[in-house]
Amino acid sequence: MALAFFTPSILQVTCMVLFLFHFKSAAVQYVLQIHNNGPITTGAQATIHASLSMKNDDVAFISDLKSYHFNWIFTPLTLIEKSEQRFNSMITVTGEFSGDFPISVWATETHCWLCQPIAKSFTMLHVTEFIVGNLTIAQIEDNRTFVEQGSRSATDTLTLISFFLHDPSNYFKLASFIYNWDFGDGTQLVTEEPFVYYNYSMMGNCKVHLKVVAEWEQIESATHERKIVQKTGDFTTDLELLDAVKSINVIGSRETCVMENLSLSLHINGSPPLTLCWLIKAECIPLEGEKCHLVVINGSSYNLSHTFRNAGQYCLSVRVENDVNMLQTYHEIKVWPTGIHPAFFALPCIALISLMLGFVIYTTFRRSSQQKDLVEVADFDFSPLSDKNPSPSDSESSCGRICCRSCFLQPPQEYWETVRESHRLLRPLYKPVKTYTV
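Structural notes, computed from the coordinates. As the structure is a computational prediction, the values presented were derived from the model and not from experiment.

### What to know about the overall build of the protein chain
Alright, step 1. Scanning the protein chain from terminus to terminus reveals four helices and 26 strands.
Alright, step 2. The 438 residues of the protein chain split such that 28% are buried.
Alright, step 3. Taking all contacts inside the protein chain whose residues are at least 6 apart in sequence as the whole, residues at least 24 apart take part in 63%.
Alright, step 4. When the accessible surface of the protein chain is totalled, it reaches about 30,500 Å², and 57% of it is carbon and sulfur.

Pasting the structure below:
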């Protein structure tokens, strides 16, 4: 009874194991990845690397149960070195002719030469007779760091143009280089360094061209003769010059009242298209990852309006960027309660100051008019009395001018002499400083 129960169980387990093994074998796929470090110049060496992995239900893994053999085809290239591990293989080749050469590889189990390949792959190696490298363009940001700009650059900003030599096998280790630069705006320069600093002043499109010349001495293996070997390379890149965002001017009032519409105008100095982001909060904050009102403009100005519901101090944060740089600015805004404006506080102050000023001016002029000095006028007559006697004709003429009844009565001449002798001068208001005796 027990044996009868045990036997079917073993059969069931065996069938299950075989089923699972077959299912696993059917689900597992082998993936052979290959890549090279080309392109290379003729005479230089390139490395091609292949790696084998297994993939089960989109999950890649490496099995440690078996080892594998890698088979390469690289004709007409020349093999320099080959190395192989359990799941990896690498070869080093060189080429004496320029062109695109296919390199293929397939993997089989190590102890099964007649078995079908479990994975195949191939790659293309580009071999050229010229120098291999590339141009890069970067600009200074914050006066200390360089930021790669790609095909767009800012005007009036120091630009770094660099050449990077691609030489994975160190083929040019004994070579000396000459770099001929053409900046595309009529300016040319020759240097011995693979980089140059330049400042573009005008907007537009230009083409930067570089010619690299490499020379070195080489000994022929057959004749042992020394000869000068030279290789050249021409590199070109297109550059679009834009005006960087240099300034953001916010035009509008810094004060408003609750429930009043505040209109502001933003004037931007920079090349469009411009990406503008603005936000109004109680404090000024940098707009980095912060939710804001994002708009794209193709001009240099933008108008925005906002209505405040609560009084207090606010700040408008504005960030503008284009394809070459980014700039941010702030604009503080004071919001007053409804019906109260700072001008109402200024009017009484102006009236009080005007009243005080008028009172001071009135008091000053009044004092100046009262402090005028009195002037004493005296008539000193040192001539003989006979010369100064009035004549009857003079008396008559004065009487004719003054219609007075007393003028018709002519006093005697002795009367005039007595009056002149007895008249005294007025007493002076100030005591004389000095006395003169005649």
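Alright, that's what it looks like, and here's the rest.
### Quick notes on the side chain of Q139
Alright, step 1. Counting through the fold element by element, Q139 comes out in strand β10 (residues 133–141).
Alright, step 2. A polar side-chain atom of Q139 sits 2.6 Å from a polar atom in the side chain of S153.
Alright, step 3. Among the polar contacts made by the side chain of Q139, one reaches the main-chain carbonyl oxygen of A154 at a distance of 2.8 Å.

### Quick notes on the sheet that holds strand β23 (residues 293–297)
Alright, step 1. Within the open sheet, the five strands sit side by side as β20-β26-β25-β22-β23. Their pairing is mixed. At either margin of the open sheet sits one strand with a lone partner, and together these are β20 (255–257) and β23. Taken pair by pair, the neighbouring strands of this sheet meet at an average axis angle of 25 degrees, ignoring direction.

### As for the pattern of salt bridges
Alright, step 1. Inspection of the entire model under this criterion finds five salt bridges.
Alright, step 2. A salt bridge links D323 to R152; the nearest nitrogen and oxygen atoms lie 3.1 Å apart. Linking D323 in the loop between β25 (312–321) and β26 (326–336) with R152 in strand β12 (residues 152–154), this pair joins segments that are 171 residues apart in sequence.
Alright, step 3. Exposure remark for D323: the relative accessible area of 38% places this residue in the partly exposed category.
Alright, step 4. Of the residues examined, R152 reaches a relative accessible area of 31% and is grouped as partly exposed.
Alright, step 5. Members of the salt-bridge network, linked through shared partners, are R152, E240 and D323.

### Let's talk about the sheet that holds strand β2 (residues 40–41)
Alright, step 1. As summarised here, the arrangement of the four strands in space is β2-β9-β8-β5, forming an open sheet in which the pairing is mixed. Looking at the sheet topology across the chains shown, the edges are occupied by β2 and β5 (68–73).
Alright, step 2. Here β5 pairs with strand β8 (residues 99–109) via six bridges, running antiparallel. Following the sheet pairing, N71 is matched in β8 by W106.

### Comments concerning the state of the cysteines
Alright, step 1. As enumerated under the stated definition, the model contains two disulfides in all.
Alright, step 2. The disulfide partner of C277 is C292, and the S-S distance across this bridge is 1.6 Å. Looking down the S-S bond of the C277 and C292 bridge, the torsion is -130 degrees, so its handedness is left-handed. Separated by 15 residues along the polypeptide, C277 in strand β22 (residues 274–281) and C292 in the loop between β22 and β23 bring together distant segments of the chain.
Alright, step 3. Here C277 falls in the buried class, since its relative accessible area comes to 1%.
Alright, step 4. By relative accessible area, which is 27% here, C292 ends up partly exposed.
Alright, step 5. Through a disulfide, C284 is tied to C315; the S-S separation comes to 1.9 Å. Taking the torsion about the sulfur-sulfur bond, which here is approximately 100 degrees, the covalent link between C284 and C315 counts as right-handed. Placement of the pair is C284 in the loop between β22 and β23 and C315 in strand β25, with a sequence separation of 31 residues.
Alright, step 6. Classification of C284 as partly exposed rests on a relative accessible area of 36%.

### Considering the environment of M90
Alright, step 1. Summarising the element assignment, M90 is placed in strand β7 (residues 88–94).
Alright, step 2. For the pair M90 and I34, spaced 56 residues apart in sequence, the C-alpha to C-alpha distance is 9.4 Å.
Alright, step 3. If we skip the residues at most four places from it in the chain, M90 touches T47, I48, H49, W72, E81, K82 and S83.

### A word on unusual backbone geometry
Alright, step 1. Between G38 and P39 the backbone carries a cis peptide bond, its omega angle lying at 5 degrees.
Alright, step 2. Counting through the fold element by element, P39 comes out in the loop between β1 (28–36) and β2.
Alright, step 3. Residue T75 is joined to P76 through a cis peptide bond whose omega torsion reads 10 degrees.
Alright, step 4. Looking at the secondary structure, you find P76 in the loop between β5 and β6 (78–84).
Alright, step 5. Its identity is not glycine, yet N170 carries a phi of approximately 60 degrees, on the positive side.
Alright, step 6. Counting through the fold element by element, N170 comes out in the loop between β13 (158–165) and β14 (176–182).

### Here's the deal with the packing of aromatic side chains
Alright, step 1. Going through the model one piece at a time under the given rule, you end up with 14 aromatic pairs.
Alright, step 2. Here Y68 and F87 contribute two aromatic rings whose centre-to-centre distance is 5.9 Å and whose plane-to-plane angle is 45 degrees, an arrangement assigned as tilted. Here Y68, found in strand β5, pairs with F87, found in the loop between β6 and β7; they are 19 residues apart in sequence, far enough to count as distant.
Alright, step 3. A residue is classified by how much of its surface remains accessible, and F87, at 9% relative accessible area, is buried.
Alright, step 4. Clustering of aromatic rings is evident, with ring pairs tying together F163, Y171, F172, F177, Y179, W181, W216 and F235.

Cut-offs used in this document
- Residues numbered from 1 in each chain as written.
- Predicted model: local features only at pLDDT ≥ 70, side-chain atom pairs only at ≥ 80, totals over all residues.
- Heavy atoms only, no water.
- Helix = DSSP H or I, 4+ residues; strand = E, 2+ residues; numbered from the N terminus.
- Buried < 20%, exposed > 50% of the residue type's maximum accessible area, 1.4 Å probe, protein only.
- Contact = heavy atoms within 4.5 Å.
- Areas by Shrake-Rupley, 256 points an atom, 1.4 Å probe, with all protein chains shown as cover.
- Polar contact = N/O pair within 3.5 Å; in protein donor to acceptor, adjacent residues only side chain to side chain.
- Pairing = 2+ DSSP bridges.
- Axes fitted to C-alpha atoms, helices over the stretch in contact; angles between N-to-C directions.
- Salt bridge = Lys/Arg side-chain N within 4 Å of Asp/Glu carboxyl O.
- Disulfide = S-S within 2.5 Å.
- Phe/Tyr/Trp six-rings, centres within 6.5 Å; stacked < 30°, edge-to-face > 60°.

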